[in-house]
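# Fold and contact review
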Amino acid sequence: MADDASADSSVPASVTLEDYKIATEKSTIACIQFKETDTNFNKISWTAKLINSNGSSQSGALDKTSGSSSDSEYDYDIKVTAPKTAGTYTLVVSFTETFNNSVPSKTSEVKQTLNVMEPITLSVTVSNSGSLAVSDAPVYFYVDGKKIEDSKTTLTVAADSSATLTYKYFDKDLSSGKHTYYVLPADEAHIEGLSAENSHSFYYNQGSQDYMVYIMIVIVVLLLIVLVVVYRRPVKNYGKPKARR
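Attention here is on the structure that accompanies the text. (Residues numbered from 1 in each chain as written. Predicted model: local features only at pLDDT ≥ 70, side-chain atom pairs only at ≥ 80, totals over all residues. Heavy atoms only, no water.)

## Section: the environment of Val93
Basically, it comes down to this: Going along the chain from the N terminus, every DSSP run of H or I of four or more residues is numbered as a helix, and every run of E of two or more is numbered as a strand. Note on contacts: a residue pair is in contact if any heavy atoms of the two residues lie within 4.5 Å.
Inspection of the secondary structure assignment puts Val93 in strand S7 (residues 87-99). Linking Val93 and Ser108, residues 15 residues apart in sequence, is a C-alpha distance of 8.6 Å. Once residues lying within four places of it in the same chain are set aside, the contact partners of Val93 are Val15, Ile32, Trp46, Thr47, Ala48, Ser108, Glu109 and Val110.

## Remarks on the nonpolar core
What counts here: As used in this record, nonpolar core signifies buried Ala, Val, Leu, Ile, Met, Phe, Trp, Tyr and Cys residues forming a set joined through side-chain atoms within 4.5 Å. For every residue, the accessible area obtained with a 1.4 Å probe (protein chains only) is divided by the maximum for its type, and the residue is called buried under 20%, exposed over 50%, and partly exposed between those limits.
If you look at the biggest cluster of nonpolar residues, it comprises 27 residues, and the most contacted ones within it are Val15, Trp46, Leu50, Leu91, Val93 and Phe95. The set of elements that each furnish at least two residues to this core consists of strand S1 (13-17), strand S3 (27-35), strand S4 (41-51), strand S6 (73-81), S7 and strand S8 (106-117). Counting residues in hydrophobic clusters, the runner-up holds 23 residues, among them Leu122, Phe141, Val157 and Tyr181.

## Some words on the pattern of salt bridges
Rule in force here: The salt bridge criterion pairs a side-chain nitrogen of Lys or Arg with a carboxyl oxygen of Asp or Glu, the two atoms within 4 Å.
On inspection of all chains with the given rule, the structure shows 2 salt bridges. Linking Lys172 and Asp19 is a salt bridge whose minimum nitrogen-to-oxygen distance equals 2.5 Å. Note that Lys172 is positioned in the loop between strand S13 (161-169) and strand S14 (177-185) and Asp19 in the loop between S1 and strand S2 (21-23), a separation of 153 residues in sequence.

## Thoughts on the sheet that holds S6
The criterion, for reference: For two strands to be treated as a pair, DSSP must find at least two bridges joining them. Note on definitions: angles span 0 to 180 degrees between N-to-C directions of axes, and those axes are lines fitted to C-alpha atoms, for helices only across the stretch in contact.
Ordered by their spatial adjacency, 3 strands build an open sheet running S1-S3-S6, and the pairing between neighbours is antiparallel. Of all the strands in the sheet, the pair left with one neighbour each is S1 and S6. On average, adjacent strands in this sheet sit at an angle of 20° to one another, irrespective of strand direction. Here S3 pairs with S6 via 9 bridges, running antiparallel. Bridge pairing in S6 links Lys35 to Glu73.

## Let's talk about the side chain of Thr28
Threshold: Counted as a polar contact is a pair of N or O atoms within 3.5 Å, where, for protein atoms, one must be capable of donating a hydrogen and the other of accepting one, and residues adjacent in sequence contribute only when both atoms are in side chains.
Locating Thr28 in the fold gives a position in strand S3. For Thr28, the side chain forms a polar contact with the main-chain nitrogen of Asp19, separated by 3.0 Å. Excluding residues within four positions of it along the chain, Thr28 makes contact with Leu17, Glu18, Asp19, Ile22, Ile78, Lys79, Val80 and Leu114.

Right under this line is the structure:
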């Protein structure tokens, strides 16, 4: 009897995302795990894709989209890179397991949700009141007094001038509310004449980005309705002499 795929039998496989919430164009790891105890096991094959809310596959989002192994225990990591557009995406991994001795094959599908969010752009203007230019000075951004290790950048600013530094900040565990930020030279080194305001702040509400999009859409629709009503409303006194209005 030929092998026959069965959608009712689940393949003993799982997919785990290292991070379920990441910033646009950032990456995370998806771990594919498989373990089979059936002695008739022959091969495990899989295909993967990242789709958006409309079901469209995202080109280039995965560093590998298929694989196979004849090992009964199998672990494999694939790199998942978030698209440029924020939103809710789904990692879909389809498995096919084949057996020897005419044992029917098994197929199944595993889905994992990936929330992609826009990072917060932090901006600080640094002034140099000294008589010497500052060139390639390493600085870090601090959020709520905590040094952001991957925010290191270099500052170049002429004497008696200023420069603006920006950093795209993302923290999946950031709490809602007001947050403060500033920049400091690396290793707390002192640079003569260099200063920056330390009163910068931003507000963050978890899950607010999709919510704000919906709010903006509702506002636009309401404005269009108002404009249509005003445009179509007849002018009662149009054409009458002023004395009779």
